[in-house]
Amino acid sequence: MALVRWEPAREVDSLQTEVNRVFDAFFGQGTSPNRRWVPPMDLVETEDHLVLRADLPGLSREDVEIEIKDGVLTVSGERRADREEQSEGYFRVERSFGRFSRSLTLPKGVEADSVAADFDDGVLEVRIPKPEERKPHRVEIAGASVEGTASEQR
């Protein structure tokens, strides 16, 4: 049996590598250039609308598309990278660029023609009118009328 010398520094390094791996898996790929940009969105319900707000900094309305197809609203677009100056030395780049797409299934009965959108200061706001609530419908049971109750007929 061979004796192996215990080196605490190697153990700490191994633990640090594992912690970094877990954090990258949970929070994203860190500073990886292949990281996908997903803009944050809020969905708020008002009395008569659903309001979708998306933060799209650095984009213009020409960079964003909104499509409704088969009851699904999709917001997509692209944030392009700035031209890098060769004279600048980068130490860390955290801003993400590239195409994005977010989809939301609309409630049944939403009229696609009634959806409206505004884009102001990098914030997209999509107003989706709620469909009219369907009132419960009472169904009468058809059949011959019987005098008395079942217990009286015995």
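Owing to the predicted nature of the structure, the values given are computational and were not obtained by experimental measurement. All residue numbers refer to positions counted from 1 along the written sequence of the respective chain. Totals for whole chains, interfaces and linings use all residues, but because this is a predicted model, local features are given only for residues with pLDDT of at least 70 and pairs of side-chain atoms are given and counted only at 80 or more. Here the side-chain values reflect all heavy atoms present in the structure, with hydrogen atoms and water set aside.

J.: Explain the overall build of the protein chain residue by residue, including any values.
T.: For the protein chain, the helix and strand inventory stands at one helix and seven strands. In the protein chain, the succession of α and β elements from N to C terminus is α-β-β-β-β-β-β-β. Three exposure classes are used, based on accessible area relative to the maximum for each residue type with a 1.4 Å probe and protein chains only: buried under 20%, partly exposed in between, and exposed over 50%. Counting over 154 residues, the protein chain shows a buried share of 18%. Sequence separation of 24 or more characterises 52% of the internal contacts of the protein chain that already satisfy a separation of 6 or more. A 1.4 Å probe and the Shrake-Rupley method give the accessible areas. Residues count as covered only by the protein chains that appear here. With an accessible surface of roughly 13500 Å², the protein chain has 49% of that area assigned to carbon and sulfur atoms. For helices the rule is a DSSP run of H or I covering at least 4 residues; for strands it is a run of E covering at least 2, with both sets numbered from the N terminus onward. Throughout, a contact is declared for two residues whenever any of their heavy atoms are within 4.5 Å.

J.: I'd like a rundown of the sheet that holds strand β1 (residues 41–45), residues and numbers included.
T.: Whether two strands pair comes down to DSSP finding at least two bridges between them. In space, the four strands of this open sheet follow the order β1-β2-β7-β6, with antiparallel pairing throughout. Bordering the open sheet on either side are β1 and β6 (116–120), each of which pairs with just one other strand. Strand-to-strand twist of the sheet, defined as the mean angle between neighbouring strand axes without regard to direction, takes the value 15 degrees. With five bridges connecting them, β6 and strand β7 (residues 123–129) associate as antiparallel partners. Working convention: axes come from line fits to C-alpha atoms, limited for helices to the stretch in contact. Angles between N-to-C directions cover 0 to 180 degrees.

J.: Outline the sheet that holds strand β4 (residues 72–79), listing residues and values.
T.: Backbone hydrogen bonds hold the strands of a sheet together, and the pairing may be parallel or antiparallel. One open sheet accounts for three strands, arranged β3-β4-β5; its pairing is antiparallel. Looking along the sheet, the strands with just one partner apiece sit at the ends: β3 (64–69) and β5 (98–105). The mean angle between the axes of side-by-side strands here comes to 15 degrees, regardless of whether they run parallel or antiparallel.

J.: Which residues make up the pattern of salt bridges, and what are the values?
T.: For this document, the term salt bridge refers to a Lys or Arg side-chain nitrogen within 4 Å of an Asp or Glu carboxyl oxygen. Enumeration over the complete set of coordinates arrives at seven salt bridges. Between arginine 80 and aspartate 63 there is a salt bridge, with its nearest N and O atoms 3.4 Å apart. With arginine 80 in the loop between β4 and β5 and aspartate 63 in the loop between β2 (49–55) and β3, the pair connects residues that are 17 residues apart, well separated along the chain. Residue aspartate 63 is classed as partly exposed on the basis of its relative accessible area of 22%.

J.: How would you sum up the confidence of the model for the protein chain? Please name residues and give values.
T.: Caution is warranted with low-pLDDT regions, since their predicted coordinates should not be read in detail. Per residue, pLDDT measures the predictor's confidence, with a range of 0 to 100. In this model, the protein chain carries a mean pLDDT of 79, and residues with pLDDT of at least 70 account for 74%. The least confident element of the protein chain is helix α1 (residues 8–27), whose mean pLDDT is 74; the most confident is β6, at 95.

J.: Give me the lowdown on unusual backbone geometry, citing residues and values where you can.
T.: Although it is not a glycine, aspartate 70 sits at a positive phi angle of roughly 55 degrees. Within the secondary structure layout, aspartate 70 lies in the loop between β3 and β4. Even without being a glycine, aspartate 121 presents a positive backbone phi close to 50 degrees. Looking at the secondary structure, you find aspartate 121 in the loop between β6 and β7. Given the relative accessible area of 73%, aspartate 121 is considered exposed.

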